[in-house]
Amino acid sequence: MGNVIEIKNSLSQISHNESEEEVLVNVESLSKKFCKDLKTSLWYGVKDLVTGISGNKNERELRPKEFWAVKDISFKLRRGECLGLIGHNGAGKSTLLKILNGLINPDAGKVTVNGRVGALIELGAGFNPILTGRENIYNNGAVLGFTRKEISEKFDEIVAFAELEEFIDMPVQHYSSGMKVRLGFAIAAQMEPDVLIIDEVLAVGDVGFKIKCYNKISEISTKCAMIFVSHSMPQIARICTDCILMTHGVPKLFFGDVGKAIEAYDSSFSNREQINTISDFFSVSEIKVNGETVLNDNKQIQINFGDSVNVYFELSFFKEYNFEDILFSLVVTDKSQRAIAIAEKQFKAKNKMNNGVFSFNAHLEEMNLTGSVYSLTLNVVEFKSNGLRNVLGRVLYFAELLVQGKKQESYAPIVLNSTWK
Amino acid sequence: METRVYQKENNLNVWKLLKASVSDMFSSRFLATQLAVRDIKAQYRQSYLGIIWVFITPLTTAFIWIFLNSSGTIRLTDTGVPYPVYAFSGTLLWAIIKESINTPIGSTNSARSIITKINFPKEALIVSGVFKLLFNSSVKILLLIIFIFVYGIGFHWSLLWLPLTVLAAVVFGITIGLFLTPIGMLYRDIEKLINFTLGFLMYATPVVYAIPASGIMKTIMVWNPFTPFILTTRDLALGLHPEYLTYYAVLLICCIPLLSLGLVFYRISIPIIVERMSA
C-alpha cells in the first residue's frame, strides 16, 4: 500500500513540474511604431485619442515621420527561462519592455501575460525627495502593488537588504544616487512576480551591492519567467538562457544559444578600433599577426577555437636611451574593452636592441576563446635596476581576432583546458 | 492566475471598462491614500505657512471685493446676507470647484515619472487627487463655517447639507477635469487655458455679486452651469431658500453618467498618452 501511495505522489510531482513549464509570456507578431518628431507625435496622440474611442481596429500603417520601433516579434517564455534582450541603443528594447509591462499598447500583434508582472525599469521611481526613506518605502511599495500589511512585514528586510539602517529616517534628497538605487531595488526585490522585467537598472551602485542584486535576481529568476535588457554581455551570459538580438526594431532569435547571440551582437558594431600607438619613445615599424602585416590597418584575423596566434613586432626606439629591462604585455580585450587574457615577457634591452630597433616574436598558444571579436594591445614598460618603473608606451588594438568559437552551453570568454574524471 | 492580453484593439464595452475602472479604484485605495498623504506631507514639510496657502487666494479675492464694496468704489446690489459672508462663501466655493477641475490633470501630470515606468492602476491617481481635494476643501469649509458664526448667521439645519453639496461641486469639477486630462497631458496649453477661462468665468457666476435683475449678464449667469453649484451650496449653508434646485438636480443627474464616461475615457487614453511622453 505504502508503495502505491509513493508512486502516486511522485506522479503528481511530475505533473506539477510539467504545469510549471506553462507559457507565461506569449508574444505574437508584435509591432510598434514611433514618431521621430515631437509636435507631430503629439498631434498623432490627439488623433489616436479620437480613434481610440471608436476602437481603432484598422490596420495600422506608418504615417509620415513614423518608423517601426519594434517589428514583427514573436516568442514564448516559460517559467524558469530568462530571455536576454540585446541590441544597440534605440533598437527597440525598452519599447518592447513597455508593451510587455502593459504601459503602452501594440500597433499590431498580441501579447498574453500570465500571472503577476514585476518590473525593475527605474528603481525608486516616484520617490519624493522631501520625505524620509521610511515614508518612501511605503509609497514605493504601494505603487508596486503591496498592501500596507505586506510592507510592514517586509520593512526590516528591505532596510537590511539596502543596508540603510542608519539613514532610513533621513530625507531621500540627501541620499547618494547609489543609496537611492539600493533602496529602490530592495523594495522591488520583495515582489514575488511570475514575470520579471529588468531594464538595465543596476548601472549605479557599488560592486558589492551589484553582486548582491544579481544574486537576488538569480534567486528570483528560477521561480519566474524573466526578460532582461542589458548592454553588459557578461551579465547576459550569466543570467540568460535565451536571447533576442534587436537591430532597428527587427528581432533575431537565439533560443538556447546565448553565446551565438553575444557573438552576433559584438560583431554588429562595425566601427573597429584603430591602431593607436601612444609613445614618446618608439614608433612601430612592423607588426605581423600569423604572418600577415597588420601595421597600416588592423586587419581582422580569422582563427578557429584553440588555434595559436603568432605576433611579430618591430619597434624603432627614437633615441639611444640606456634601456635596462623591458617588459612586453600582450593583452586580449573583448568587445567591451575588458581585458580578459594576458601574456607577458621581460627582456634585457641590450641583448635584443639592434640599432634602436627592437623586434620580438610572441607565440600565443591555444587561444581557447569562445566565438566573438577580440582585440590585441601591446603595453611596453621599462624596469630600471634602481627599482623605478617607466611606461614606454602602448600600441592599442593593433589586431582584431575574429574567433570561430565552438558552442558552449553556458557563456564565458575563455574555455579552460580541463581533465574530468 | 491572472491573464492580461495587450493588443491594438481596445475593449470597447463601456460597462466592462467601467467595471474594471471602479474595481481598480477600490483595489488601489491604499495606493491612493498613500499618494495623497505623501503629497500633503511633502507640501507642508517644506513650508512654514503650510495650510494657510490653501485658503489665502480665495480670502484675498474676497477681501478685495469686501473693500471695494465697503469703500463705495463699486456699488453691488443687496445680497440678502452680510456681504463679507457672501463674498467669502463665494470665493471659497469657487476655489473648491476650480481645484476640482484642475485635480485630474494635475495629479496625472505629477505622476509622469511613474506612469511611464510602472504599471499600476492609474485610477489611483484620480482617487488620490480627490483625497487631497477633500482635505483642502474641508479646511476651506471649516473656515466658511467660522465666518457663518462670526457674522451672526448662526446655525441652520440646512447647514448639515454643506458636506454633500460641496461633494457635488467636487464631482462636477472632477467630471469636467477628467475629459480635459488626456488632451491636457499632451499639450501644456490646456492647463493654462483652463485657468485662463475660469478666471473670466468667475465673473459670470454669482461668486462675489448676485445675479442682476435683468440684462444679458442675467441670461449668462442663469444658464452658467457653475451657478447652481455655487448658489445652492451657499443658500443651504446660509439658511436661505435654494432657488435653482431643478437646474441643480438636472446637472447632478447628468454628472453621474458623464463621470463614468470620463473614467472610461481616461482609462482608454492613458496608454496612448504614455506612448507620447518621454521616459
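Residues numbered from 1 in each chain as written. Chains lettered and ligands numbered in written order. Predicted model: local features only at pLDDT ≥ 70, side-chain atom pairs only at ≥ 80, totals over all residues.

Some details on the overall build of chain A
Broken down by element type, chain A carries ten helices and 20 strands. Taken along its principal axes, the extent of the C-alpha atoms in chain A is 80 × 65 × 60 Å. Excluding contacts between residues fewer than 6 apart, the proportion of contacts in chain A whose partners are at least 24 apart in sequence is 75%. (Helix = DSSP H or I, 4+ residues; strand = E, 2+ residues; numbered from the N terminus. Contact = placed C-beta atoms within 7 Å.)

Digging into the overall build of chain B
Helix and strand counts for chain B come out as eleven helices and one strand. Going from the N terminus to the C terminus, chain B shows its helices and strands as β-α-α-α-α-α-α-α-α-α-α-α. A globule of 279 residues ought to have a C-alpha radius of gyration of about 19 Å, and chain B, at 20 Å, matches this closely. Seen through its principal axes, chain B has C-alpha atoms that stretch 65 × 45 × 35 Å. Counting all 279 residues of chain B, 42% fall into the buried class. Long-range pairs, those at least 24 residues apart, make up 78% of the contacts in chain B between residues at least 6 apart in sequence. (Rg over C-alpha atoms; globule rule 2.2 N^0.38 Å. Buried ≥ 20, exposed ≤ 12 C-beta atoms within 10 Å, placed from the backbone.)

Observations concerning the packing of helix α4 (residues 133-143) of chain A against helix α5 (residues 148-162) of chain A
All names here are of chain A. It is at 11 Å that the axes of α4 and α5 come closest, and there the two elements cross at 120°. Taken together, the axes of α4 and α5 are oblique relative to one another. Crossing handedness for the pair α4 and α5: right-handed. Contacts between α4 and α5 involve Ile137, Tyr138 and Gly141 on the former and, on the latter, Ile151, Phe155 and Ile158. Here the residues of the contact of α4 with α5 are counted per class, giving five nonpolar, one polar and no charged. (Axes fitted to C-alpha atoms, helices over the stretch in contact; angles between N-to-C directions. Parallel < 35°, antiparallel > 145°, perpendicular 65-115°, else oblique. Left-handed = near helix turned anticlockwise from the far one by under 90°. Nonpolar A, V, L, I, M, F, W, Y, C, P; charged D, E, K, R; others polar.)

Observations regarding the sheet that holds strand β1 (residues 3-7) of chain B
If you walk across this open sheet you meet the four strands as β2(A)-β1(A)-β4(A)-β1(B), and the pairing is antiparallel. Unpaired on one side and paired on the other, β2 (66-78) of chain A together with β1 of chain B mark the two borders of the sheet. Across the sheet, the axes of successive neighbouring strands diverge by a mean angle of 20°, strand direction being ignored. Relative to strand β4 (residues 108-114) of chain A, strand β1 (residues 23-35) of chain A is paired through five bridges, and the arrangement is antiparallel. Among the inter-strand pairings, Val25(A) is bridged to a residue of β4(A), identified as Val113(A). The sheet contacts of helix α3 (residues 93-100) of chain A involve β1, β2 and β4 of chain A together with β1 of chain B, and relative to β1(A) the element is tilted by about 125°. (Pairing = 2+ DSSP bridges.)

Quick look at the pairing of strand β7 (residues 225-229) of chain A
Residue and element names in this part refer to chain A. With five of five residues buried, β7 lies mostly within the body of the structure. The alternating pattern of β7 places Ala225, Ile227 and Val229 and Met226 and Phe228 on opposite faces, both of which are buried. As defined by bridge partners, strand β3 (residues 82-87) adjoins β7 across four bridges and the pair is classed as parallel. In the sheet register, Gly84 faces β7, and the bridge partner there is Phe228. In the sheet, strand β6 (residues 195-199) pairs with β7 via five bridges, with the strands oriented parallel. In the strand pairing of β7, Ile198 is matched with Phe228.

So, the interface of chain A and chain B
Buried accessible area, meaning the area lost when the parts come together, often serves as the stated size of an interface. With 48 residues of chain A at the interface, the matching set in chain B holds 39 residues. Ranked by residue count, the leading element in the side of chain A that touches chain B is helix α2 (residues 38-53) of chain A, at eight residues. Of the residues that constitute the side of chain A that touches chain B, the class distribution is 21 nonpolar, 17 polar and ten charged. Summarising the sheet, β4(A) and β1(B) pair through five bridges and their orientation is antiparallel. Considered in β1(B), the bridge of Val113(A) is made with Arg4(B).

Concerning the sheet that holds strand β8 (residues 242-247) of chain A
Residue and element names in this part refer to chain A. Ordered in space as β5-β6-β7-β3-β8-β9, the six strands form an open sheet in which the pairing is mixed. Both outer strands of the open sheet, β5 (117-120) and β9 (250-255), are each paired with one neighbouring strand and no more. Each strand of the sheet is rotated relative to its neighbour by a mean of 15°, with strand direction disregarded. Contacts between helix α9 (residues 258-267) and the sheet are confined to β3, β8 and β9, with β8 contributing the most and set at about 20° to the helix.

Structural notes on the packing of helix α7 (residues 162-186) of chain B against helix α10 (residues 226-238) of chain B
All names here are of chain B. Running from N to C, α7 and α10 point in directions that differ by 170°, and their axes come no closer than 9 Å. By the angle class used here, α7 and α10 are roughly antiparallel. Contacts from Leu162, Thr165, Val166, Ala168, Ala169 and Phe172 of α7 reach α10 at Phe229, Thr232, Thr233, Leu236 and Ala237. Along the lines of polarity and charge, the residues of the contact of α7 with α10 split into eight nonpolar, three polar and no charged.

Quick look at the confidence of the model for chain B
When pLDDT is averaged across chain B, the result is 90; 98% of the residues are at 70 or more. Interface confidence in the predicted complex, given as ipTM, is 0.85; pTM for the same model is 0.82. (pLDDT = per-residue confidence, 0-100.)

With respect to the nonpolar core
The biggest cluster of nonpolar side chains holds 145 residues, and the ones touching the most others in it are Ile197(A) and Phe228(A). A per-element tally of this core places helix α4 (residues 83-110) of chain B first, with eleven residues. (Core = buried A, V, L, I, M, F, W, Y, C linked by C-beta atoms within 7 Å.)

Some points on helix α8 (residues 189-201) of chain B
The first and last C-alpha atoms of α8(B) sit 18 Å apart over 13 residues, in line with the 18 Å expected at 1.5 Å per residue. Counting buried positions along α8(B) yields zero of 13 residues, so the element is predominantly exposed. (Expected span 1.5 Å × (residues − 1).)

Structural notes on unusual backbone geometry
Residue and element names in this part refer to chain A. For Asp72, which is not glycine, the phi torsion reads 50° and is therefore positive. Along the chain, Asp72 turns up in strand β2. Residue Asp72 is classed as partly exposed on the basis of its 14 C-beta neighbours within 10 Å. Of note in this structure, Glu366 is not a glycine but carries a positive phi near 45°.

Quick notes on the environment of Ala204(B)
Residues and elements named next belong to chain B. With respect to the helices and strands, the residue Ala204 is situated in the loop between α8 and α9 (216-223). Between the C-alpha atoms of Ala204 and Thr227, which are 23 residues apart in sequence, the distance is 8.4 Å. For Ala204, the contacting residues outside a window of four places in its chain are Ile220, Met221 and Asn224.

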